[in-house]
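Remarks on the overall topology
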Amino acid sequence: MPFISITFAIFFLILVIVYHFVTKLKQNALVLQRCLFFIGSLVFYSFANIKFLPFLLYIILISYFAGLLAKKIYCFVLFILLDLAPLLFFKYGNSEWIFPLGLSFITFQSLSYIADSYTGKIETEKNILDVALFISFFPVISSGPIQRAGKLIPQFKELHKFEYDDATDGMKLFAWGMFKKLFIADRIAPYVNYVYGGVTEQYGLALLFATILYSFQIYCDFSGYTDMATGIARYLGIDVGKNFDHPYFSKSVGEFWRRWHISLSSWLRDYVYIPLGGSRVALPRIYLNLLVTFLVSGIWHGSTWNFVVWGLLHGVYICIGRVTKRFWEKVSLPRVFRIFITFCLVTFAWIFFRADNLQTALVIVRKIMHVPFEINPFIQMCGNDGIKQALHVMFSMLVAAGGAIKGMVRIFILLVFLCCIEFMTIKKNGLEILRTKNSVVRWGIYIVFIVVLLEVVPLKIIFEEQKSYSTNFIYQNF
């Protein structure tokens, strides 16, 4: 059930009505609210495909009994293997079956519960409903943020009543996420899909441009989903944490990973990097631990070699960053240059993430390296055929959202707008900034924002283009 759909709107409206009714009951309100969240989560998950439901129930049971029974190392290992079995079968077993929605996210969340129960970081839950809610809570079930039992389960043990600030903040977050998804990610997607779908026929200039745009597409797509998920949970009074913190303003790749997909980064740190020895071992071992951690990250995203290279690339980046840390401190490059270098490194790695396979990724890299030799032919084509025709040919802009160059101008305006908002909210949360304004100013901002957006990208264009491709989120594939 996609967040951006009539089906979800009806589902959430019904759930909210029942939620408000339940919170006003004098007896059994907490129990009924917890049951409502769980039943709602099952309904939400079943809409993806009811055949996936046994997988979800299996993970819930494995997690629950692992918490109760995995007190010895051999039991712990057994439950870990049982928990990983569906992931290994569907994702890495060359199965032709469509793997269940949220397969990787649900598995990692379950693994964290089993590990934390075994090590005593959390109290083992005796009530299966608590574990079931933790595993299945619908806003985060498909693409995270990956939750920790110690933070989420205690919230389910409290009765949540309607709070005006939570409701309005939740709706604002949802709207901001929908803007990033519909107005930016989905505007970029047709162009990137076209260019990456015919790599051998494309010029290096088109591949370079598409790769840069993909950096923004995947950020707006994934962080847009996260904002919507966080907003839905916030409306219900649940805090599911922050998953992105202005990652493209990072001054190093290490900082990038502290700002990008924070829930996965912290999961890998706590359950892979630290158990391997973390930074408490000799320097060569630290580098090995980093490489192994990012190798796991790559394999988690996909079973093909391009994902392995993507993960290892980031591991190498961070190892080199640690080796050269003192050098960069002495050089003291301006912040903007360090941000630019980091963005270039991350964008280069995205090639391996987006490409269909390793061979295609290497072709893209080779063609992009050839870009300097395409500049002169491009200039000549501009002189002979005009700049518009040159852009169409060398950059494959005929498929741009909204119609060739005009569509690219729209995308550029939206990206500039996004970067301005991101820059303005580095030090202070956007919701906090809005709260400091009176209602007249706030509504004035909302109206201007909507009018400007519809002038840049009319709803007609959005509706027409949504018919031609799926609005599923990129990370639902993982």
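Details of the structure are given in the entry above.
Residues numbered from 1 in each chain as written. Predicted model: local features only at pLDDT ≥ 70, side-chain atom pairs only at ≥ 80, totals over all residues. Heavy atoms only, no water.

**Topic: the overall build of the protein**
The following threshold applies: Helix and strand labels come from DSSP, where a helix needs a run of H or I of at least four residues and a strand needs a run of E of at least two; each type is numbered from the N terminus. For the radius of gyration, the atoms used are the C-alpha atoms, and the globule rule reads 2.2 Å times the number of residues raised to 0.38. Working definition: with a 1.4 Å probe on protein chains only, accessible area under 20% of the residue-type maximum means buried, over 50% means exposed, and in between means partly exposed. Between two residues, a contact is recorded if the distance between any of their heavy atoms is within 4.5 Å. The protein chains shown are the only cover counted for residues, whose accessible areas, like all others here, come from Shrake-Rupley with a 1.4 Å probe. We treat Lys and Arg as the positive residues and Asp and Glu as the negative residues; His and chain ends play no part in the count. Charged side chains are reduced to one point each, which is NZ for Lys, CZ for Arg, CG for Asp and CD for Glu.
Looking only at helices and strands, one finds 22 helices and zero strands in the protein. Its C-alpha radius of gyration of 24 Å places the protein within 12% of the 23 Å reference for a compact globule of 478 residues. By its C-alpha atoms, the protein is 80 × 60 × 50 Å across when sized along the principal axes. Relative to its 478 residues, the protein shows a buried fraction of 53%. Long-range contacts, defined here as pairs at least 24 residues apart, represent 73% of the contacts in the protein between residues at least 6 apart. When the accessible surface of the protein is summed, it comes to about 23,000 Å², and 68% of that surface belongs to carbon and sulfur atoms. Looking at charge distribution, the protein has the averaged site of its 44 positive side-chain charges lying 5 Å from that of its 28 negative ones.

**Side note on the environment of Phe89**
Relative to the helices and strands, Phe89 is located in helix α4 (residues 73–92). By relative accessible area, which is 42% here, Phe89 ends up partly exposed. Here the alpha-carbon distance between Phe89 and Phe99, two residues ten residues apart in the chain, equals 9.0 Å.

**With respect to the pattern of salt bridges**
When their charged atoms lie close together, side chains carrying opposite charge are able to pair. For clarity, the cut-off: What counts as a salt bridge is simple: a side-chain nitrogen of Lys or Arg found within 4 Å of a carboxyl oxygen of Asp or Glu.
Per the counting criterion, the structure on display carries 14 salt bridges. The shortest N-O distance in the salt bridge between Lys181 and Asp221 comes to 2.8 Å. Here Lys181 is found in helix α8 (residues 164–197), whereas its partner Asp221 is found in helix α9 (residues 204–235), with 40 residues between them in sequence. Taken as a pair, Lys181 and Asp221 share a single burial class, namely buried. Taking the shortest distance from any N to any O, the salt bridge between Asp270 and Arg269 comes out at 2.8 Å. By relative accessible area, which is 17% here, Asp270 ends up buried. Among the residues examined, Arg269 registers a relative accessible area of 42% and is labelled partly exposed.

Function-wise, these values are silent; they only describe arrangement.
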